[in-house]
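# Observations on chain architecture
Each chain is listed here by its residues.
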Amino acid sequence: MDRGDTEAPSPLWKIIVVAAIAAGVQFGWALQLSLLTPYVQTLGVPHAWAAFIWLCGPISGLLVQPIVGYSSDRCTSRFGRRRPFIAAGAIFVAMAVFFIGFAKDIGHRAGDSLEKSTKPRAVAIFVTGFWILDVANNMLQGPCRAFLADLSANDHKRMRIANGWYSFFMAVGNVLGYGAGSFSHLHKILPFTRTIACDVYCANLKTCFIIDIIFLMSVTITAVTTVKETPLTCNEVVEDDEGKSSGAFIGELVTAFKTLKKPMWILLLVTCLNWIAWFPFLLYDTDWMGREVYGGIVKGTAAQEKLYDDGVRAGALGLMINSIVLGFTSLGLEPVSRLIGGVKNLWGVVNFILAACLAGTVWITKVAEAWRAKHGHQILAPPNNIKSSALAVFGLLGIPLAVTFSIPFALASIYCSTAGGGQGLSLGVLNLSIVIPQMFISVVSGPLDSEFGGGNLPAFVLGSIVAAISALLAILALPNPPKQVSLNPVMAGGH
């Protein structure tokens, strides 16, 4: 069902307009990573249980993205194959973000007490919105990437350009999201966001999500109204179904795995280990800043809570720095990979950087704890050298993150080219090696942290060890791709 051999690649402006959707999606994802773990604890959910809420992301990715990808490959809507899913995904994202941002207000009106620390109705509304958000994100991202592949019409250079612009707008969305999350007075733009049930932190989160809704809907409406698709005809679907059983989706998914060659299996293994290393930090980085680095407490005195909020905002600033480093690093991935002997060596080296940075969080935490012990019971923010060290870790992690966002997808597009599925289904196969690690970390990290004192360090140490293993596998077991394939993830569109 691939028309790339018969159609010419679309103009660059169309690719850029569609790729810009990534900025809206990543804006919301950055807000999730930087603000939602601390926010859910203000609803009364213990830190150990907060990890389980993140299970909705990988479960929805495991189920939704392959199904949506397969369905979009075969959609016969007059609006095209991908655009109906992109539009529906954006609408559901807006709905979910509303539930998340207004959970405390809705819960209060439904009967939650302001005096009690646990707010069960708000938690139920939040979790419902969070699950819808992750399902909607998967509805949106998979078809968006597949749409870019359709516009590229199997032209390898154009596909590199499309992936590059998508990665570039991911970095833009990260900077916007983390930047918005680091401002403590953003709620003043929309004063109505602060209510009797919603304090300043909650109002800032609510304001960020309202801005995200407006931004995402703007870029999505622009894309789906200006970039047209050629609808898939029923005859094309019937021709593609010839010789297949009624369970075509399961059949194609099984076929995709059966036809995977050894390089692809190794890629899936390295990607899986890589994301096991990444997810502890991605889920708890701002909580680590507020709890371990700044020494704040989610449910403590007013001063302790303020210290925690200051740490979370500093973490959001660190994530913004991380995204800037990510964007600039992406410019040099291809020439650097040639200098050090190929992309597998590059991936291995940066995974060692990831391992070192995650191990470094232990040293920074111990220094911060020693500083607080020296100053007794005074509630003070850490000195500049500790804050700078923590922000430096965030910045350095932008280097391996640039590789994580580019090389696996580029290699998968090569290794899976003969898997027998469409663009959407092929992305779903790679996605399995990302969502399964997230499910593992969501289940393991909370109990692991509780077993060793309730902090974030045990999960970070686990991530450091696994990152080192993935680095060795990348260097020793993963084959280099064909030399003619470029892996530059960001600025290929500027050629």
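Before reading on, note that the structure itself is shown above.
The residue numbering used here restarts from 1 in each chain and proceeds along that chain's sequence as written. The predicted origin of the model limits local features to residues at a pLDDT of at least 70 and limits the giving and counting of side-chain atom pairs to 80 or more, whereas totals for whole chains, interfaces and linings rest on all residues. The side-chain values count all of the structure's non-hydrogen atoms but skip hydrogen atoms and water molecules.

## A closer look at the overall build of the protein chain
Only DSSP runs of H or I with at least four residues qualify as helices, and only runs of E with at least two residues qualify as strands; both kinds are numbered from the N terminus onward. The helix and strand inventory of the protein chain stands at 20 helices and zero strands. Only protein chains enter the accessibility calculation, which uses a 1.4 Å probe; a residue whose area is less than 20% of its type maximum is buried, one above 50% is exposed, and one in between is partly exposed. Scored against the burial criterion, the 495 residues of the protein chain give a buried share of 57%. Summarising the internal contacts of the protein chain: among those between residues at least 6 apart in sequence, 83% fall at separations of at least 24. Accessible areas in this description were obtained via Shrake-Rupley with a 1.4 Å probe; residue shielding takes into account the shown protein chains only. Here the protein chain has roughly 19600 Å² of accessible surface; of this, 67% comes from carbon and sulfur atoms. Here, residues are in contact when the closest pair of their heavy atoms is within 4.5 Å.

## Considering the pattern of salt bridges
For this document, the term salt bridge refers to a Lys or Arg side-chain nitrogen within 4 Å of an Asp or Glu carboxyl oxygen. All told, the structure shown has eight salt bridges when counted by the stated rule. A salt bridge links Asp310 to Lys306, with the nearest nitrogen and oxygen atoms 3.0 Å apart. Linking Asp310 with Lys306, this pair stays in helix 13 (residues 302–331), spanning four residues, or about one helical turn. A relative accessible area of 22% places Asp310 in the partly exposed class. Residue class for Lys306 comes out exposed when judged on its relative accessible area of 51%. Connected through salt bridges with shared partners, the residues Arg81, Arg82 and Asp150 form a single ionic network.

## Some remarks on empty space enclosed by the protein
Grid points spaced at 1 Å over the protein atoms alone were grouped into cavities, where a 1.4 Å probe fits but cannot get out, and pockets, open sets with protein on both sides within 12 Å along at least five of seven lines, with lining residues defined by an atom within 4 Å of a point. Grid points are joined across faces, edges and corners, and a volume is the space filled by probe spheres set on the points. Under the counting rule described, the total for this entry stands at four cavities of 30 Å³ or more. In this structure, the largest cavity occupies an estimated 620 Å³ of space. For the largest cavity, the lining is made up of 33 residues, of which Trp29, Gln141, Trp275, Asn431 and Ile434 are closest to its centre. Taken together, the elements giving at least two residues each to the lining of the largest cavity come down to helix 2 (21–42), helix 4 (56–74), helix 7 (120–152), helix 8 (156–182), helix 12 (262–293), helix 13 and helix 19 (423–451).

## Some thoughts on helix 9 (residues 200–226)
Under the convention used throughout, the expected extent of a helix is 1.5 Å for every residue step, that is, one less than its residue count. The end-to-end C-alpha distance of helix 9 is 39 Å, a good match for the 39 Å that 27 residues give at a rise of 1.5 Å each. Two N or O atoms count as a polar contact when they lie within 3.5 Å, although within protein this holds only if one can serve as hydrogen donor and the other as acceptor, and sequence-adjacent residues are included solely when both atoms are side-chain atoms. You can read the cap of helix 9 off the contacts: a side-chain oxygen lies 2.9 Å from the backbone nitrogen of Cys202, and it is on Asp199.

## Comments concerning the nonpolar core
The criterion is simple. A nonpolar core is a set of buried Ala, Val, Leu, Ile, Met, Phe, Trp, Tyr and Cys residues joined through side-chain atoms within 4.5 Å. The biggest cluster of nonpolar side chains holds 100 residues, and the ones touching the most others in it are Tyr39, Phe126, Trp288, Met289 and Val293. Residue contributions to this core peak at 14 residues, all from helix 12. Apart from residues lying up to four places away in sequence, Trp288 is in contact with Phe281, Val293, Thr361, Ile364, Thr365, Ala390, Phe394, Asn456, Leu457 and Phe460.

## Description of the state of the cysteines
We call a pair of cysteine sulfur atoms a disulfide when they lie within 2.5 Å. Considering all chains together, one arrives at one disulfide under this definition. There is a disulfide in this structure between Cys198 and Cys202, and the S-S distance comes to 2.0 Å. Measuring handedness by torsion sign, the sulfur bridge of Cys198 and Cys202 sits at about -105° and is left-handed. What makes Cys198 buried here is its relative accessible area of 0%. Given a relative accessible area of 1%, Cys202 falls into the buried group.

## Concerning the side chain of Ser464
Relative to the assigned elements, Ser464 resides in helix 20 (residues 457–476). By relative accessible area, which is 12% here, Ser464 ends up buried. Once you skip the residues sitting within four places of it in the chain, Ser464 turns out to touch Ala355, Leu358 and Ala359.

## So, the packing of aromatic side chains
Within 6.5 Å between ring centres, the rings of Phe, Tyr and Trp (the latter by its six-membered ring) count as paired, and their orientation is classed by plane angle as stacked under 30 degrees, edge-to-face over 60, tilted in between. If you walk through the whole model with that rule in mind, you get 11 aromatic pairs. Between the aromatic rings of Phe281 and Trp288, the centroid separation amounts to 6.3 Å while the plane-to-plane angle is 55°, which identifies the pairing as tilted. Residue class for Phe281 comes out buried when judged on its relative accessible area of 2%. Take Trp288: its relative accessible area is 0%, and that puts it in the buried class. With a centroid separation of 5.5 Å and an interplanar angle of 50°, the aromatic rings of Phe281 and Phe460 are classed as tilted. Taken together, the residues span a long stretch of sequence, with Phe281 in helix 12 and Phe460 in helix 20 at a distance of 179 residues.

## Some words on the layout of surface pockets
Which parts of space are left empty comes out when a probe the size of a water molecule is rolled across the atoms. In this model, the second largest pocket occupies a volume close to 440 Å³. Elements supplying a minimum of two residues to the lining of the second largest pocket: helix 9 and helix 13. Here the element with the most residues in the lining of the second largest pocket is helix 13; it accounts for six residues. Here the residues of the lining of the second largest pocket sort into nine nonpolar, two polar and eight charged. Residue classes follow a fixed rule: Ala, Val, Leu, Ile, Met, Phe, Trp, Tyr, Cys and Pro count as nonpolar, while Asp, Glu, Lys and Arg count as charged, and any other residue, Gly among them, counts as polar.

## Notes on helix 6 (residues 103–110)
Ala103, Lys104, Asp105 and Gly107 are the residues of helix 6 that are buried. Just downstream of helix 6, Gly111 is the residue with a positive phi angle, here 125°.

## Let's talk about the packing of helix 6 against helix 7
To obtain each axis, a line is fitted to C-alpha atoms, and for helices this fit is confined to the stretch in contact; angles are then taken between N-to-C directions over 0 to 180 degrees. Axis separation between helix 6 and helix 7 bottoms out at 8 Å; the angle between their running directions is 135°. Here helix 6 is positioned oblique relative to helix 7, judged by the angle of their axes. Judged by the sense of rotation from one axis to the other, the crossing of helix 6 with helix 7 is right-handed. Where helix 6 abuts helix 7, its residues Ala103, Lys104, Ile106, Gly107 and Ala110 lie against Arg121, Ala122, Ile125 and Phe126. For the contact of helix 6 with helix 7, the residue count by class is six nonpolar, one polar and two charged. By the definition adopted for this analysis, an angle is roughly parallel if under 35 degrees, roughly antiparallel if over 145, roughly perpendicular if from 65 to 115, and oblique otherwise. In this scheme the handedness of a crossing depends on how the near helix is turned from the far one: anticlockwise by less than a right angle means left-handed, clockwise means right-handed.

Read these as layout, nothing more, since geometry by itself doesn't imply function.
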